[in-house]
Amino acid sequence: MSNKVHLGHTARKRFGQNFLTDSNIINRIVSAIAPDNDHIMVEIGPGLAALTEPAAESIDRLIVIELDRDLVERLQRHPMLKDKLEIHQGDALQFDFKQLLRDGKKLKVFGNLPYNISTPLMFHLFSFAEHISNMHFMLQKEVVLRLSAAPGSKAYGRLTVMAQYYCQVVPVLEVPPESFTPPPKVDSAVVRLVPYEQRPWPCQDIKLLESITATAFNMRRKTLRNNLKQLLSDEDFSSLGIDAGLRPEQISVSQYVAMANYLYNKRI
């Protein structure tokens, strides 16, 4: 017997929709998310409710953010879900997640994210990190590798530094293309992001950290000295104890934070 969940909706290219239809994988993801009533549960892009139905089963309320109006209408009529869902039709990239907070509860956020918005959406969510208990996302496997990369690896980049500044990153499981309809051309994976209560390397100016990492990784093949010459001199690098001859992917998160804090204090 097939494990596939039946679809009555055609995926739309412009929304980057690939619907998860493998019930075994769905159950494993929902148990990783661990929905509960002690948190405000939020799903981004519920689509055809493959995760929404099993996630909502054991809880009283589930907030969903969906851009596609057709899918919103389906959810509003859904026999099992319509009384449990609070539906926000709109773009998660523009959404103010603080408006969902109540009763001193933190958010647990999850979703099968369209590949074309995954990186900007994570940057948007990081700005609400203090209100979030954890996040579980299905992403392109390559994005999960970037999130969890160690310094010195090819996958290590601006997204790595910012994600690991805010969160502990834990890859949860890999999901093959045949788990979706239509099957994407890439492998997928689920990642758990747990925002730090106390950040291991506090940054005094997050915008400065973002701009230093963006500038450093703008030209990956060049050295830090070349990429950051407008910002830091050789003397600055030596007082930081950072080798300016290294490439941006060889620099740890704590070193990027140290550079940002150094610049911040120099400017005061």
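Here is what the cut-offs are and how they apply
- Residues numbered from 1 in each chain as written.
- Predicted model: local features only at pLDDT ≥ 70, side-chain atom pairs only at ≥ 80, totals over all residues.
- Heavy atoms only, no water.
- Domains from an automatic or database assignment.
- Contact = heavy atoms within 4.5 Å.
- Buried area = accessible area lost by both parts, 1.4 Å probe.
- Polar contact = N/O pair within 3.5 Å; in protein donor to acceptor, adjacent residues only side chain to side chain.
- Nonpolar A, V, L, I, M, F, W, Y, C, P; charged D, E, K, R; others polar.
- Axes fitted to C-alpha atoms, helices over the stretch in contact; angles between N-to-C directions.
- Helix = DSSP H or I, 4+ residues; strand = E, 2+ residues; numbered from the N terminus.
- Parallel < 35°, antiparallel > 145°, perpendicular 65-115°, else oblique.
- Left-handed = near helix turned anticlockwise from the far one by under 90°.

Notes on the domain arrangement of the protein
Often the size quoted for an interface is simply the accessible area lost on bringing the parts together. One can read the domain layout of the protein as domain 1 (5-195) and domain 2 (206-267). Using only C-alpha atoms to locate each centre, domain 1 and domain 2 end up separated by 32 Å. Each partner contributes residues to the interface: domain 1 has 12 residues there, and domain 2 has 15 residues. Summed over both partners, the interface of domain 1 with domain 2 buries about 1,100 Å², with 72% contributed by carbon and sulfur atoms. Three residues, Tyr156, Arg158 and Val161, lead the burial of domain 1 against domain 2; their summed loss comes to 43% of the area buried on that side. At the boundary of domain 1 with domain 2, the tally comes to five residue pairs in polar contact (both at pLDDT 80 or more). Counted by class, the side of domain 1 that touches domain 2 contains six nonpolar, four polar and two charged residues.

Topic: the packing of helix α6 (residues 158-166) against helix α7 (residues 206-218)
The interhelical angle for the contact between α6 and α7, taken along N-to-C directions, is 155 degrees, at an axis separation of 9 Å. In this view, α6 runs roughly antiparallel relative to α7, as classed from their interaxial angle. The two elements α6 and α7 cross, and the hand of that crossing is right-handed. Contacts from Arg158, Val161, Met162, Tyr165 and Tyr166 in α6 reach Ile206, Leu209, Glu210, Thr213, Ala214 and Phe217 in α7. Residue composition of the contact of α6 with α7, grouped by class: eight nonpolar, one polar and two charged.

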